[in-house]
Amino acid sequence: MADPPTPAWSAAEIAALAAAFEAGTLPREQWTHAAHLAVALWTLSRLPPEAALTHLRQRIRAYNVATGTANTDHSGYHETLTRWFLQAVAEHRGRHADLPLQQSLACLLRSPLADPSAPLRAYPPRRLGSVQARRGWVEPERPVLYSFRRCPYAIRARLALAAAGLLPGVDLELREVSLKAKPPELLEASPKGTVPVLVHGDQVIDESLELMRWALERHDPRGWLGGWSAAETAAGEALIAENDGPFKHHLDRFKYASRFGGRGGGGEPEGHRAAALAILRGWSRRLEPGGWLLGGRPSLADPALLPFVRQFRLADPGGFDAEPGLEPLRIWLERFLASPELAAVLDPPWAARSPWRSPRWLYHLALSHEWQAARTAGSYRRSTRGRSLEEVGFIHLSQAHQLEATHGRYYADLDPGAVTLLVLDRDRLAAAGVEVRLEPAPGSGELFPHLHGPLPLAAVLRAEPWRPASSGESNLPRRGSPAEPAAS
Ligand SMILES: N[C@@H](CCC(=O)N[C@@H](CS)C(=O)NCC(=O)O)C(=O)O
């Protein structure tokens, strides 16, 4: 466990600062962001969070008046900022409950919260700058990350987001997608339809490198972006360009040879493998034993390239491992493959095992053998478990938020493999002329979608074995702060 940083303020100085603030005598120029954090922590050491908020709301307003700042719709007290910071500081305090106040503050001042713009991780600027947010509490709007577990572009983005201390379920919402059935929300945000995509209010980032920079500009504790000379930065960018351009080109034509015409079809996978290896040898020559692409520590280029080299190896691990002239690169890759950073972004909460369920789609739980039979017959006519369309008059469907409960009521006793989840596109159902009506379920009064006619197979976007809702959404780790000692 690392030692807590040396306190900048003693306990007595923190108390004196808080007292001057409370009395309205603290000079305005000393009412810095660090002083705000100190007063918040001090107040939370004396009052529970709700009472601390009430107290600080009143005191900040009074302090503003005492020091010549009017509390209006455009200046002075800001409810959302105050409450957001207070919540975050309370969370910090909870994680450092064992530390004395001055050391807890020293940790806080080295955490992402020391940046006054930290709330912009949670709010688009326009929302935070609104009169509504100044007057009252506005919920944070978490960025949404559309991702695909195995995609190397998405892996590099998740590595940077994780390095920046952002957490799915806390700082952002992760939506795992199926590349064969992309959710309409993703395509609306970014019609080119690639992952990763981050949507934050009006802002859409649909290039993985931009996304890495977006994350690291917020917080870059490992110095992937910062602290490099212009020449080093240019060398890193050249490596990334070589990866995203020629290396990826050859990688795809080697790994997915059949998609590109294959052997004898003009695809020549061996030629592409050799061309990719020539690039890899160039990278390998740059690497000192135990080093990184730009020298003694990792830069943006390392996490940007590593997922692609991993993918190259996965296409032919034996061949890669036996290839001469790649020893430094192999050591570099192996360290990455064994790293907790990679393991973290390949598992929940960073990578869900089943795709996100869009509220824009409809769902039906089918018995797997009945679905198989329907595929052969060309038409699906089961209403629910044990009952046919003819008996009931419609096919029971669920909306995304109803699915778990439907499964729990009717299918929970079956092995997951015995149940198939059908994902249905409303537009395709409409195009096939089958009507969906929202109708009350007997007994509950809750409205469920009912399909009045046989299910057209063309409206089924995906059929997958039933899995409970993406694991990893619950039991989330608390917000971590990589700049802080591992004291929690
Ligand atoms: N230039 C994009 C490329 C992203 C990309 O091509 N991602 C792949 C998955 S690894 C994708 O979404 N392909 C679309 C598809 O397969 O339909 C970036 O850097 O984000």
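J.: What is the right way to read the overall build of the protein from this model?
T.: Looking only at helices and strands, the protein features 20 helices and twelve strands. Within the protein, the proportion of its 488 residues that are buried is 34%. Excluding contacts between residues fewer than 6 apart, the proportion of contacts in the protein whose partners are at least 24 apart in sequence is 74%.

J.: Any chance you could explain the domain arrangement of the protein here in plain terms?
T.: When its domains are assigned, the protein resolves into domain 1 (11-135), domain 2 (144-218), domain 3 (230-338) and domain 4 (362-465). For domain 1 versus domain 4, the distance between C-alpha centres works out to 52 Å.

J.: Looking at this structure, how should I read the sheet that holds strand β8 (residues 395-396)?
T.: Within a beta sheet, neighbouring strands are joined by backbone hydrogen bonds and run either parallel or antiparallel to one another. The sheet built from three strands is open, its strands ordered β8-β11-β10 with antiparallel pairing. What marks the edges here is a single partner per strand, and that holds for β8 and β10 (435-440). Where β8 lies against strand β11 (residues 447-452), two bridges are found, and the strand directions are antiparallel. Bridge pairing links I395 to L451 in β11.

J.: Even after reading the chapter, I still don't get unusual backbone geometry, so can you show me in this structure?
T.: Phi is mostly negative for residues that are not glycine, and the peptide bonds are mostly trans. V195 connects to P196 through a cis peptide bond whose omega is 5°. Assignment of secondary structure puts P196 in the loop between α9 (184-189) and β3 (197-200). Residue P348 is joined to P349 through a cis peptide bond whose omega torsion reads 5°. On the secondary structure map, P349 appears in the loop between α16 (340-345) and β5 (362-367).

J.: What exactly am I supposed to notice about the environment of Q102 here?
T.: Note on placement: Q102 falls in helix α5 (residues 101-108). Overall, the presence of 19 C-beta atoms within 10 Å leaves Q102 in the partly exposed class. Sequence spacing of Q102 and A12 is 90 residues, and the spatial spacing of their C-alpha atoms is 9.0 Å.

J.: Is there a simple way to explain the pairing of strand β1 (residues 144-147) in this structure?
T.: Sheet faces and side chains relate simply in a regular strand, where the side chains alternate between the two faces. Pairing of β1 with strand β2 (residues 173-176) involves four bridges; the strand directions are parallel. From the neighbouring strand, L145 faces β2, where its bridge partner is L174. Chirality of the crossover, the property in question, places the unit of β1, helix α8 (residues 152-163) and β2 among those that are right-handed. Note: β1 against β3, three bridges, orientation antiparallel. Bridging across to β3, V144 finds its partner in V199.

J.: Mind showing me how you'd approach the nonpolar core here?
T.: Looking at soluble globular proteins, one finds that nonpolar side chains tend to be buried together. If you look at the biggest cluster of nonpolar residues, it comprises 56 residues, and the most contacted ones within it are A160, M212, A215 and A301. Residue contributions to this core peak at nine residues, all from α8. Residue assignment places this core across two domains, with domain 2 (144-218) and domain 3 (230-338) each supplying three or more. Setting aside residues up to four positions removed in sequence, M212 forms contacts with R156, A157, A160, L300 and A304. Counting 32 residues, the second-largest nonpolar core is a separate cluster that includes L26, W42, I60 and V89.

J.: Sorry, what's going on with the sheet that holds β2 here?
T.: Overall, mixed pairing links the four strands, which are arranged β2-β1-β3-β4 in an open sheet. One side of each edge strand has no neighbouring strand; the edge strands of this open sheet are β2 and β4 (203-205). Geometrically, the sheet is characterised by an average inter-axis angle of 15° between neighbouring strands, direction not taken into account.

J.: I tried to follow the packing of helix α11 (residues 230-255) against helix α13 (residues 301-315) on my own but got confused; where do I start?
T.: Two numbers describe a pair of packed helices, the interaxial angle and the distance between the axes. For the pair α11 and α13, the least separation of the axes is 10 Å and the interaxial angle reads 15°. Relative to α13, α11 is oriented roughly parallel. Handedness of the α11/α13 crossing: left-handed. On α13, the residues touching G236, L239, I240, N243, F247, K248, L251, F254 and K255 of α11 are A301, A304, L305, F308, Q311, F312 and A315. Taken together, the residues of the contact of α11 with α13 break down into eleven nonpolar, three polar and two charged.

J.: Teacher, can you tell me more about the site of the ligand here?
T.: Taken together, F148, C151, Y153, L179, G193, T194, V195, P196, E207, S208 and L209 form the complete shell of residues around the ligand. Partitioned by chemical class, the residues of the shell around the ligand number seven nonpolar, three polar and one charged.

J.: Looking at this structure, how should I read helix α3 (residues 49-66)?
T.: Given 3.6 residues per helical turn, the α-helix brings residues three or four places apart onto the same face. Over its 18 residues, α3 runs 25 Å from end to end, which matches the ideal 26 Å to within 8%, given 1.5 Å per residue. Listing the buried residues of α3 in full gives A52, L53, L56, I60 and Y63. Within α3, the buried residues cover an arc of 105° as seen down the axis, which keeps them to one side. Structural note: α3 exposes E50, A51, T54 and Q58 on the side pointing more than 90 degrees away from its buried face. The secondary structure elements touched by the buried residues of α3 are α1 (11-23), α2 (33-44) and α4 (79-95).

J.: Please clarify how helix α12 (residues 269-286) should be interpreted in this entry.
T.: In this model α12 runs 26 Å from its N-terminal to its C-terminal C-alpha over 18 residues, within 8% of the 26 Å that 1.5 Å per residue would give. All of the buried residues in α12 are P269, R273, A276, L277, L280, W283 and S284. The arc that holds every buried residue of α12, seen down its axis, measures 115°, which confines them to one face. In α12, the exposed positions angled more than 90 degrees off the buried face are occupied by G271, A274 and R285. Looking at the buried side of α12, the elements it contacts are α11, α13 and α15 (327-337).

Rules and cut-offs
Residues numbered from 1 in each chain as written. Predicted model: local features only at pLDDT ≥ 70, side-chain atom pairs only at ≥ 80, totals over all residues. Helix = DSSP H or I, 4+ residues; strand = E, 2+ residues; numbered from the N terminus. Buried ≥ 20, exposed ≤ 12 C-beta atoms within 10 Å, placed from the backbone. Contact = placed C-beta atoms within 7 Å. Domains from an automatic or database assignment. Pairing = 2+ DSSP bridges. Right-handed = clockwise from strand over helix to strand, strands pointing away. Core = buried A, V, L, I, M, F, W, Y, C linked by C-beta atoms within 7 Å. Axes fitted to C-alpha atoms, helices over the stretch in contact; angles between N-to-C directions. Parallel < 35°, antiparallel > 145°, perpendicular 65-115°, else oblique. Left-handed = near helix turned anticlockwise from the far one by under 90°. Nonpolar A, V, L, I, M, F, W, Y, C, P; charged D, E, K, R; others polar. Near = placed C-beta within 6 Å. Expected span 1.5 Å × (residues − 1). Arc of directions from axis to C-beta.

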